[in-house]
Amino acid sequence: MSKSIIEFKDVSKIYSNGTLGLKDVNLTVDPGEFVVIVGLSGAGKSTLLRSINQLQTISEGDVLIDGQSIVKARGKSLRELRRSIGMIFQNFNLVKQSSVQRNVLSGRVGYYSTFKSVFGLFSKEDKQNAVDALKRVSLAEKIYTRADQLSGGQQQRVAIARTLIQNPKIILADEPIASLDPLTTKLVLDDLKSINEELGITVMVNLHSKELAKKYATRIIGLRAGELIYDKKINEVSEVDLDQIYNGETASPKEAVNE
Ligand SMILES: Nc1ncnc2c1ncn2[C@@H]1O[C@H](COP(=O)(O)OP(=O)(O)O)[C@@H](O)[C@H]1O
Ligand SMILES: [Mg+2]
């Protein structure tokens, strides 16, 4: 059996105000999977994703990246683990007044000293990496354009290029298409899919559309009230299952027990 790239061991998260984020989540993701996370608003999808790169701490349990605990990691090993995980967001998180090139290169700062990155002293090689990453999302000709001159879909693809030059093993995407139209949505998800298939990067993404989940996922995970209620490979997922998880109803055999 192949080694998992992401493993959750009895992970719980309770926010400081007492709100439950995640409850006893156990999960293993194999390298190269395209995992779609579904669940109603407030189900814990963002909490789950942010636990993976420790953008937010967990209360109990452990999260392993490629066999190494990111929860216990400190200093250099934490930085290295974080570098191996790219993240894209609903609102793109670009520096709007900066060029596309600068935004993409910022994905590389984890590899530079603060001094060099503050002064933009990126190597020639990394400038070429930025071009290559932009080619992958079909935006090479926009390299000197200011980020705020781009459409939403183009900005999201710049954000994908920014994660790519991090050289990640994993890309996390928290509702990456929530503010995009259907055509742009397809471009963004197609880019993520080709990156997943051609570069072998594991992708985990929150999606609100049943049709898109079916089209792109190799695996679907359902969350409700912080609990994992559904976890199946796409070829085992039935239409009835999908309807149920997207309606926020019970879907899994595990869920036979009452709440
Ligand atoms: N920073 C926070 N402080 C307190 N509660 C939070 C915080 N972030 C999220 N929550 C709560 O945790 C639960 C899960 O939230 P979240 O992971 O954002 O869900 P989703 O992404 O599925 O909408 C919700 O009840 C939400 O209100
Ligand atoms: Mg969310």
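In this text the structure is predicted, and so the values were computed from the model without any measurement.

**Q** Give me the overall build of the protein: which residues, what numbers.
**A** The helix and strand inventory of the protein stands at nine helices and ten strands. A compact globule built from 259 residues should have a C-alpha radius of gyration of about 18 Å, and the protein, at 18 Å, falls within 12% of that. Seen along its three principal axes, the alpha-carbon backbone of the protein occupies a region of about 60 × 40 × 40 Å. For the protein, buried positions account for 52% of its 259 residues. Expressed as a percentage of contacts within the protein between residues at least 6 apart in sequence, the contacts between residues at least 24 apart total 69%. Between the mean site of the 35 positive side-chain charges and the mean site of the 31 negative ones, the protein shows a separation of 9 Å.

**Q** How would you explain the site of ligand 1 if you had to name every residue and give the values?
**A** Neighbouring ligand 1 are Tyr15, Asn17, Thr19, Leu20, Leu40, Ser41, Gly42, Ala43, Gly44, Lys45, Ser46 and Thr47. Tyr15 is positioned with one of its side-chain polar atoms (N or O) 3.5 Å from a nitrogen atom of ligand 1. Between ligand 1 and Ser46 there is a distance of 2.8 Å, counted from an oxygen atom to a side-chain nitrogen or oxygen. For ligand 1, whose free accessible area comes to 560 Å², the fraction covered by protein is 63%. With three residues, the single largest contributor to the shell around ligand 1 is helix H1 (residues 45-52). Among the residues forming the shell around ligand 1, the class breakdown is four nonpolar, seven polar and one charged.

**Q** So, the environment of Phe8: which residues are in play, and what are the values?
**A** Examined against the element boundaries, Phe8 turns out to sit in strand S1 (residues 6-14). Of the residues examined, Phe8 reaches a relative accessible area of 1% and is grouped as buried. Spatially, the C-alpha atom of Phe8 lies 8.6 Å from that of Ile52, the residues being 44 residues apart in sequence. In this structure, Phe8 is in contact with Leu22, Val25, Asn26, Leu27, Leu48, Ser51, Ile52, Asp62 and Val63, ignoring residues within four places of it in sequence.

**Q** Hey, could you go over unusual backbone geometry for me, with residue numbers and the actual values?
**A** Its identity as a non-glycine residue notwithstanding, Phe92 has a phi of 70 degrees, on the positive side. Mapped onto the fold, Phe92 is located in the loop between strand S6 (85-89) and helix H3 (100-105). A residue is classified by how much of its surface remains accessible, and Phe92, at 9% relative accessible area, is buried. The backbone of Ser138 sits at a positive phi, close to 55 degrees, despite the residue not being glycine. Its place among the elements puts Ser138 in the loop between helix H5 (124-136) and helix H6 (152-164).

**Q** How would you explain the pairing of strand S9 (residues 219-224) if you had to name every residue and give the values?
**A** Every regular strand shows the same layout, with side chains that alternate between the two sheet faces. Here S9 lies mainly inside the structure; six of its six residues are buried. Burial of the side chains of S9 extends over both faces: Arg219, Ile221 and Leu223 are buried on one face and Ile220, Gly222 and Arg224 on the other. Here four bridges tie strand S3 (residues 34-38) to S9, and the two strands are oriented parallel to one another. Note on S9: the bridge partner recorded for Val35 is Arg219.

**Q** Quick rundown of the layout of surface pockets? Include the residues and the values.
**A** One number sums up the size of the largest pocket: a volume of about 420 Å³. Taken together, 17 residues form the lining of the largest pocket, with Arg82, Ile85, Gly86, Met87 and Gln166 sitting closest to its centre. Secondary structure elements with two or more residues in the lining of the largest pocket: helix H2 (75-83), S6 and H6. By residue class, the composition of the lining of the largest pocket is five nonpolar, eight polar and four charged.

**Q** Any details on the sheet that holds strand S8 (residues 202-206)? Residues and values, ideally.
**A** Across the sheet, which stays open at both edges, the six strands sit in the order S6-S7-S8-S3-S9-S10 with mixed pairing between neighbours. Each of the sheet's edge strands pairs with one partner strand only, and the pair in question is S6 and strand S10 (227-233). The average undirected angle you get between the axes of adjacent strands in this sheet is 15 degrees. Where S6 and strand S7 (residues 170-174) come together, five bridges link them in parallel fashion. By the bridge assignment for S7, Ile88 is matched with Ala173.

**Q** Go over the environment of Ser84, please, and point to the residues and values.
**A** Counting through the fold element by element, Ser84 comes out in the loop between H2 and S6. Taking the C-alpha atoms as reference points, Ser84 and Asp181, 97 residues apart in sequence, are found 30 Å from one another. When residues no more than four places from it in sequence are discounted, the contact partners of Ser84 are Ile65, Pro168, Lys169 and Ile170.

Each value, and the rule that gives it
- Residues numbered from 1 in each chain as written.
- Chains lettered and ligands numbered in written order.
- Predicted model: local features only at pLDDT ≥ 70, side-chain atom pairs only at ≥ 80, totals over all residues.
- Heavy atoms only, no water.
- Helix = DSSP H or I, 4+ residues; strand = E, 2+ residues; numbered from the N terminus.
- Rg over C-alpha atoms; globule rule 2.2 N^0.38 Å.
- Buried < 20%, exposed > 50% of the residue type's maximum accessible area, 1.4 Å probe, protein only.
- Contact = heavy atoms within 4.5 Å.
- Lys, Arg positive; Asp, Glu negative; His and termini not counted.
- Charge placed at Lys NZ, Arg CZ, Asp CG, Glu CD.
- Near = heavy atom within 4 Å.
- Polar contact = N/O pair within 3.5 Å; in protein donor to acceptor, adjacent residues only side chain to side chain.
- Areas by Shrake-Rupley, 256 points an atom, 1.4 Å probe, with all protein chains shown as cover.
- Nonpolar A, V, L, I, M, F, W, Y, C, P; charged D, E, K, R; others polar.
- Pairing = 2+ DSSP bridges.
- 1 Å grid on protein atoms, 1.4 Å probe; cavity = no way out; pocket = protein on both sides within 12 Å on 5 of 7 lines; lining within 4 Å.
- Points joined across faces, edges and corners; volume = space filled by probe spheres on them.
- Axes fitted to C-alpha atoms, helices over the stretch in contact; angles between N-to-C directions.

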